[in-house]
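Breakdown of the fold
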Amino acid sequence: MMIETLQVPLLLVASKGADPGRVASVAAATGAKIAEGAPDGALALRLDEDGLSLERDGMVLRGDFADMLPRLKQANLSRELLVRAAKIKGAVSPTAVDATAGMGQDSLLLAAAGFTVTMFESDPVIAALLQDALDRAATDSRLEGLVARMTLVRADSIAALPMISPAPDVVYLDPMFPERTKSAAVKKKFQLLHHLESPCEDQEALLRAALLAHPRKVVVKRPVKGPHLAGVKPSHTVAGKAVRYDCIVPPRP
């Protein structure tokens, strides 16, 4: 896999008890330089007994699906806008592709709603953080059944979606666009991700790839007052106060 060029150098700092094989594997997958410590202002991956985290200037980003347990309770899950938008009437074992997986929270919601989810993440550092979160969740009895329905693919979804077979029921898109990078709604720690992943520059290609997967529905997460993805008007929308989910239902053959 080609390692993308980061906006700032990336270091990998491991605790003394860290498995050397794991350290070498993370360094190879992410392109990080192994170091004994990280100076002020450095962007660093830290591997310790709590897992893998991304750190800079006191900000720490670590995937932790346990934080989402309250949202996964059935009474709360049924109120999640994404779950309502992705629902497929009559589907017994629905499948979904999360084409912009990020840290995997939305995929976890879909898995809790009964979907088997394939997640695509092209950035190697974000993919490493997500895989670490999945591995730790797999040892948690409250989450192991859900993450068993989640599969991470480290690849570019635009290239992969047209080749997916069989066709998924839902393709979910939550791309990072330039207008979102300065949003006050973005949590401070997630600003770390902006050092890694560039905003999506080809909305048309992303939506076209999603449709070429021949899903029953494409669900697109957007700011509540943001423009439609690639200018395509959705079939219907599920909206909240801050975000909305545009649902594009392709004509059935």
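For the structure itself, look to the data block above.
Residues numbered from 1 in each chain as written. Predicted model: local features only at pLDDT ≥ 70, side-chain atom pairs only at ≥ 80, totals over all residues. Heavy atoms only, no water.

Some words on the side chain of Glu-55
To keep it simple, the criterion reads: In this description a helix means any DSSP run of H or I spanning at least four residues, a strand means any run of E spanning at least two, and both kinds are numbered starting from the N terminus. Under this definition, polar contacts are N or O atom pairs within 3.5 Å; protein pairs additionally need one hydrogen-donor-capable and one acceptor-capable atom, and for neighbouring residues in sequence, both atoms have to be side-chain atoms. Contacts: residue pairs with any heavy atoms within 4.5 Å of one another.
Examined against the element boundaries, Glu-55 turns out to sit in strand 4 (residues 51–56). Within the structure, Glu-55 has its side chain in polar contact with the side chain of Arg-46 (distance 3.0 Å). Excluding residues within four positions of it along the chain, Glu-55 makes contact with Ala-42, Leu-43, Ala-44, Arg-46, Val-60 and Leu-192.

Regarding the sheet that holds strand 4
Where we set the bar: For two strands to pair, DSSP has to find at least two bridges joining them. In this description, a line fitted to the C-alpha atoms serves as the axis of each element, helices being fitted only across the stretch in contact, and the angle between N-to-C directions of two axes falls anywhere from 0 to 180 degrees.
Across the sheet, five strands lie side by side as 2-1-3-4-5; this open sheet has mixed pairing. Two strands close off the open sheet at either side, each with one partner strand: strand 2 (33–35) and strand 5 (59–61). For this sheet the average axis-to-axis angle between neighbouring strands, irrespective of direction, equals 30°. The sheet contact formed by strand 3 (residues 43–48) and strand 4 spans five bridges and is antiparallel. The residue of strand 4 that forms the bridge with Asp-48 is Gly-51.

Some words on the sheet that holds strand 7 (residues 116–120)
The strand order 8-7-6-9-10-12-11 describes an open sheet built from seven strands, whose pairing is mixed. Single-partner strands in this sheet number two, and they are strand 8 (150–153) and strand 11 (236–239). Taken over all neighbouring pairs, the strand axes of this sheet differ in orientation by 20° on average, direction set aside. The pairing of strand 6 (residues 95–98) with strand 7 spans four bridges and is parallel. The partner of Val-97 across the bridge, within strand 7, is Thr-118. Its contacts with the sheet put helix 5 (residues 105–112) on strand 6, strand 7, strand 8, strand 9 (170–173) and strand 10 (217–223), and the angle it makes with strand 7 is roughly 165°. On the sheet, helix 6 (residues 124–137) packs against strand 7 and strand 8 and is oriented at approximately 155° with respect to strand 8.

Notes on the pairing of strand 12 (residues 243–248)
Spelled out, the test is: The buried label goes to any residue with under 20% of its type's maximum accessible area, the exposed label to any with over 50%, and the partly exposed label to all in between, with areas taken from a 1.4 Å probe on protein chains only.
Of all six residues that make up strand 12, five are buried, and the element is covered over most of its length. Two strands pair when backbone bridges link them, and strand 10 and strand 12 are joined in this way by six bridges, in the antiparallel orientation. Within the sheet, the bridge partner assigned to Arg-222 lies in strand 12 and is Arg-244. Relative to strand 12, strand 11 is paired through four bridges, and the arrangement is antiparallel. What sits directly across from Thr-237, in strand 12, is Asp-246. Where strand 11 folds back on strand 12, the antiparallel hairpin that results is connected by three residues.

Things to note about the environment of Arg-216
The topology assignment puts Arg-216 in the loop between helix 9 (203–212) and strand 10. When its relative accessible area of 31% is taken as the criterion, Arg-216 is described as partly exposed. Sequence-wise, Arg-216 and Asp-169 are 47 residues apart; in three dimensions their C-alpha atoms are separated by 5.0 Å. Those residues within four positions of Arg-216 in sequence are excluded, and the remaining contacts are Ile-88, Lys-89, Ala-91, Pro-168, Asp-169, Val-249, Pro-250 and Arg-252.

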